[in-house]
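Fold and contact review
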Amino acid sequence: MKLGIVGLPNVGKSTLFNSLTKAGAESANYPFCTIDPNVGIVTVPDKRVDVLAEKYHSKKVVPAVIEFVDIAGLVKGASKGEGLGNQFLANIREVDAIVHVVRCFDDSNIVHVDGDVNPLRDIETINFELIFSDIEVLDRRIAKSQKGSRNDKSLAHEVEFLTKVKEHLENGKLAKTFEVDDEEDSDILASCNLLTIKPVIFAANVDEEHLADDGESNEYVAAVRKYAKDVDAGVFVVCAQIEQELSELDDEEKSEFLEDLGLKESGLDKLIAASYSLLGLISYLTSGEDETRAWTITEGTKAPGAAGKIHTDFERGFICAEVVSYDDLIENGSMHAAKEKGLVRQEGKEYIVKDGDIITFKFNV
């Protein structure tokens, strides 16, 4: 999974990225300090992986990972070349989802690029830049398709359909809110790789005072939550400064610090949970003496597709999947005991893999 972290200058974006990835991206109180996208790989905390690795004395442990891309600060006019311009927009096209950091705190020492704190205005600023960029993409696609549309009905239909999408964007609306009934049209829209169709998670960056109650007493956060509900986006509340402090602690110190703050989980944990939920992702597990690994798949994936995550040969020559749930295995102590109770199943091609399934695939190529 690849997430792009975006936001206006001085909203806490790079501070948050640093703390999430410990990658040390430069952070300063002025725009454009992050000129090149910084990339950090973060492992997804999963106690199931640790327990299984210990149980089977695995030589290798491979947790699921998330790749974070810190995209340079954006200002009005970026789609027309202001600030870092289209460099930002090109980098973000490659991500699975956008983490939009929104400033929800007052601090006279940290200058806001637009003069005062207004999260909805900030969201609108970035949305418009993404919309303008998408319109440019559609203009090029429509012009290309128009050339062959006289002799090709499918291209003529594509021009007509994409023109409607463009009009939708020109009205200031996101591509994700454009209703598509036809599967063919849905494929056309997906092939355009528009920015405003990507899933979005808003990171409401608050001060320490508003972290303990998850931003419930923060009017800025309330506004972001209301907006996110309207556009089917995720929201999590975070304090980038606290995350930075947490990133410098070991696991035991981190737990104590969170407890002192009255928190159950870190911002990273919140973000991972929000990302998996928004993108509809789950993890299944493989475990043995050689390796214990978590594999991230889309919810609803059938057994052969899950097998294909390991190797295409597994999917191509799929015979069956031997499946036991993590909870059943741990509760019964061993695979042998779980088998005796009929909890280990042989599943075929139509089996839909569930979160926490421990699977051994049988295949023949």
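A brief structural summary. This structure is a prediction, so every number in the text was calculated from the model and none was measured.

Conventions adopted
Residues numbered from 1 in each chain as written. Predicted model: local features only at pLDDT ≥ 70, side-chain atom pairs only at ≥ 80, totals over all residues. Heavy atoms only, no water. Helix = DSSP H or I, 4+ residues; strand = E, 2+ residues; numbered from the N terminus. Buried < 20%, exposed > 50% of the residue type's maximum accessible area, 1.4 Å probe, protein only. Contact = heavy atoms within 4.5 Å. Areas by Shrake-Rupley, 256 points an atom, 1.4 Å probe, with all protein chains shown as cover. Pairing = 2+ DSSP bridges. Axes fitted to C-alpha atoms, helices over the stretch in contact; angles between N-to-C directions. 1 Å grid on protein atoms, 1.4 Å probe; cavity = no way out; pocket = protein on both sides within 12 Å on 5 of 7 lines; lining within 4 Å. Points joined across faces, edges and corners; volume = space filled by probe spheres on them. Nonpolar A, V, L, I, M, F, W, Y, C, P; charged D, E, K, R; others polar. Core = buried A, V, L, I, M, F, W, Y, C linked by side-chain atoms within 4.5 Å. Patch = residues over 30% accessible without salt bridge, like charges linked within 9 Å, V, L, I, M, F, W, Y side chains within 5 Å. Salt bridge = Lys/Arg side-chain N within 4 Å of Asp/Glu carboxyl O. Phe/Tyr/Trp six-rings, centres within 6.5 Å; stacked < 30°, edge-to-face > 60°.

On to the overall build of the chain, then. Along the backbone of the chain there are 14 helices and 12 strands. Counting the 365 residues in the chain, one finds 49% classified as buried. When contacts within the chain are restricted to residue pairs at least 6 apart in sequence, long-range pairs at least 24 apart make up 70% of them. About 18,300 Å² of surface is accessible on the chain, with carbon and sulfur atoms providing 47% of the total.

To continue, consider the sheet that holds strand S1 (residues 2-6). Pairing in this open sheet of six strands is mixed, and the strands run S2-S4-S1-S5-S6-S7 from one edge to the other. Looking at strand neighbours, the two that pair on one side only are strand S2 (38-43) and strand S7 (234-238), the edges of this open sheet. Ignoring strand direction, the axes of neighbouring strands in this sheet form an average angle of 25 degrees. Together, S1, S2, strand S4 (65-70), strand S5 (97-103), strand S6 (200-205) and S7 form the strand contacts of helix H1 (residues 13-21), whose direction differs from that of S4 by roughly 150 degrees. Along the sheet, helix H7 (residues 219-230) makes contact with S5, S6 and S7, crossing S7 at roughly 160 degrees.

For the rest of this paragraph, the subject is empty space enclosed by the protein. In the structure shown here, the tally under the stated rule is two cavities of 30 Å³ or more. Residue lining of the largest cavity: 15 residues in total, with Asn127, Leu130, Leu174, Val200 and Phe202 positioned closest to the centre. When residues of the lining of the largest cavity are traced back to their parent elements, those giving at least two are S5, helix H4 (119-148) and S6. Considering each element in turn, the lining of the largest cavity owes the most residues, three residues, to H4. Looking at the lining of the largest cavity residue by residue, the classes come out as 10 nonpolar, three polar and two charged.

Formed by 68 residues in total, the largest nonpolar core has its most connected members in Phe68, Cys104 and Phe202. When sequence neighbours within four positions are dropped, the list of residues in contact with Cys104 reads Pro119, Ala204, Asn205, Val206, Asn218, Tyr220, Val221 and Val224. The next biggest cluster of nonpolar side chains, apart from the first, holds 17 residues, and it includes Val137, Leu138, Phe161 and Phe178.

A surface patch of nonpolar side chains, about 260 Å² in accessible area, is lined by Val39, Ile41 and Val65. With respect to the secondary-structure elements, Val65 resides in strand S4.

Another aspect to go through is the packing of aromatic side chains. Scanning the model with the defined rule gives seven aromatic pairs in all. One aromatic cluster is present, built from ring pairs that chain together Tyr284, Trp295, Phe318 and Phe361.

By the definition in use, this model includes 22 salt bridges. The salt bridge involving Lys13 is made with Asp70; its shortest N-O contact spans 3.1 Å. Of this pair, Lys13 sits in helix H1 while Asp70 sits in strand S4, and the two are 57 residues apart along the sequence. Between Arg316 and Asp313 there is a salt bridge whose closest N-O contact spans 2.8 Å. Here Arg316 pairs with Asp313, and both are found in helix H12 (residues 312-316), just three residues apart, close to one helical turn. Owing to a relative accessible area of 61%, Arg316 belongs among the exposed residues under this scheme. Three or more residues are tied together by salt bridges with common partners; here these are Asp214, Glu216, Arg225 and Lys270.

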